[in-house]
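Listed here are the chains, written in short residue letters.
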Amino acid sequence: MASMIPFIDLATQRDRIRAKVERRIAAIMDSGAFIMGPDVTELEARLSAFGGMSETLSCGSGTDALVLPLMAWGVKAGDAVFVPSFTFAATAEVVALCGATPVFVDVLPDTFNMDPAHLAVAIADVLAEGKLTPRAVIAVDLFGQIADYASIRAVCDAHGLKLVSDAAQGYGSTRDGQMASRWADVVATSFYPAKPLGCYGDGGAVQTNDAELASAMRSLRVHGMGSDRYDNVRIGINGRMDTIQAAVVLEKLEIFAEEIAARDRIGRRYDELLSGTVTPQALPAGVVSTWAQYTVKVSGGRRDAFMAAMKAHGVPTVIYYPKALHQQTAYRDFPVAGGRLPATEALCTEVVSLPMHAYLDEPTQDRIVEAVKRSLDTVKAEAA
């Protein structure tokens, strides 16, 4: 078996920024401001400048970033929040944690993001049934690609719904030069280490242009505090961000635009080199992805054999996501728009992700591409 290349390379980036991160951490150690220290305030200001929204709250995780706006809006039992099923559990989890009902919507078979037409059908079905009150939509920038927010926003506006961008994988992705902040009421992101913009532990941020909403979320983030932490005016959570994690993100943010450009170049080169062999996640005209993952479809029940062949060539592959949320134990009793989600269910059997990061050099990428072609040939020969 050939030597295994890394699926994601955090070490090269770490070595690049290590001295600056260590200086920041040393200053935090000296000051003792371990939670909500000056680095947190600096990060929030710089994220507002980067993301184009006036209010930014750092928080303890991407899950916190999703649940805080729902809590601030008073989303509760009897409310419906529309989410894709082809995503990580946190997208639907936060809805259920608020006591509301996640309603699962299908995705587009080419971009893998929420299908605006199916969203409209899902809302119409909920209204016709009359048991739930539609409140919000959470769209996901899957694998780093910005969702079709213009179309989703139009559907939301037609029904008076709030729109949350789950940008955990796609923070910084643009459509015609615009980030999700152009359309969403709230943009939520995660700083989980493997994300395009990550820290060295858990962390997240939530952004909005609504000052009143931001004020409520700030209270909720610290146990519902009022004028001080011993004056609790709401039932809140412990959603604060550690100062050391903010320090890490600050140094990564310095090079983030450069890394997005590198990821975009690498992703597009994959597309060119793999043309005619596998079907990649489609990239619409005018879209720049952050390429959290480079994901392709391997159909015909050949995925397991393909992955085994890739491993033999020393190339790791990962499946995101092998089981749709609406098929999982914790979520299978929640509503599924139209009764089934054909695109989602098909993608769960087909998708596989290849190594992807901002420091993937061309010789290594060439080796991966060659492994893809040889693995497909092997699978075809075995099936013949």
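Heads up: the structure comes first, above all this text.
Described below are features of the structure shown in this document. Remember, it's a predicted structure, so these values are computed and weren't measured experimentally.

What follows is about helix α10 (residues 303–312). All buried positions along α10 are accounted for by Arg303, Phe306, Met307, Ala309 and Met310. Projection of α10 onto a plane perpendicular to its axis shows the buried side chains occupying an angular sector of 160°, all on one side. Of the surrounding elements, those touching the buried residues of α10 are α11 (342–350), β12 (351–354) and α12 (362–383). A positive phi of about 80° marks Gly314, the residue just after α10.

The next thing to look at is the packing of helix α3 (residues 62–72) against helix α4 (residues 90–97). Taken N-terminus to C-terminus, the directions of α3 and α4 make an angle of 40°; their axes are 9 Å apart at the nearest point. Classified by the angle between their axes, α3 and α4 sit oblique to one another. Taken as a pair, α3 and α4 cross one another with a handedness that is right-handed. Counting all contacts with α3, which are made through Thr63, Leu66, Val67 and Leu70, the residues of α4 involved are Ala90, Thr91, Glu93, Val94 and Val95. Across the contact of α3 with α4, the residue classes tally to six nonpolar, two polar and one charged.

Pairing in this open sheet of three strands is antiparallel, and the strands run β9-β11-β12 from one edge to the other. What marks the edges here is a single partner per strand, and that holds for β9 (279–280) and β12. This element, α11, spans β11 (294–297) and β12 of the sheet and lies at about 50° to β12.

Summarising the sheet, β9 and β11 pair through two bridges and their orientation is antiparallel. Looking at the pairing, Pro280 lines up with Val296 of β11. Both β11 and β12 contribute to a ladder of four bridges, which runs antiparallel. Considered in β12, the bridge of Lys297 is made with Val351.

What follows covers the environment of Leu325. Among the structural elements, Leu325 can be located in the loop between α10 and α11. A residue is classified by how much of its surface remains accessible, and Leu325, at 0% relative accessible area, is buried. With 223 residues separating them along the chain, Leu325 and Pro102 place their C-alpha atoms 10 Å apart. Not counting residues up to four positions away in its chain, the partners in contact with Leu325 are Pro84, Ser85, Thr87, Phe88, Ala89, Ala92, Phe104 and Tyr331.

Read across the open sheet, the seven strands follow the order β1-β8-β7-β5-β4-β2-β3; overall the sheet is mixed. Edge positions in the open sheet fall to β1 (55–59) and β3 (101–105), since each of these has one partner strand only. Along the sheet, successive strands turn relative to each other by an average axial angle of 20°, direction set aside. Of the strand pairs in this sheet, strand β2 (residues 79–84) and β3 are connected by five bridges, and their pairing is parallel. Opposite Val81, over in β3, you have Pro102 as the bridge partner. Docked against the sheet, helix α7 (residues 211–221) engages β1, β7 (186–190) and β8 (204–208), running at close to 15° with respect to β1.

Definitions and limits used
- Residues numbered from 1 in each chain as written.
- Predicted model: local features only at pLDDT ≥ 70, side-chain atom pairs only at ≥ 80, totals over all residues.
- Heavy atoms only, no water.
- Buried < 20%, exposed > 50% of the residue type's maximum accessible area, 1.4 Å probe, protein only.
- Helix = DSSP H or I, 4+ residues; strand = E, 2+ residues; numbered from the N terminus.
- Arc of directions from axis to C-beta.
- Contact = heavy atoms within 4.5 Å.
- Axes fitted to C-alpha atoms, helices over the stretch in contact; angles between N-to-C directions.
- Parallel < 35°, antiparallel > 145°, perpendicular 65-115°, else oblique.
- Left-handed = near helix turned anticlockwise from the far one by under 90°.
- Nonpolar A, V, L, I, M, F, W, Y, C, P; charged D, E, K, R; others polar.
- Pairing = 2+ DSSP bridges.

The quantities given are spatial measurements derived from coordinates; they are silent on function.
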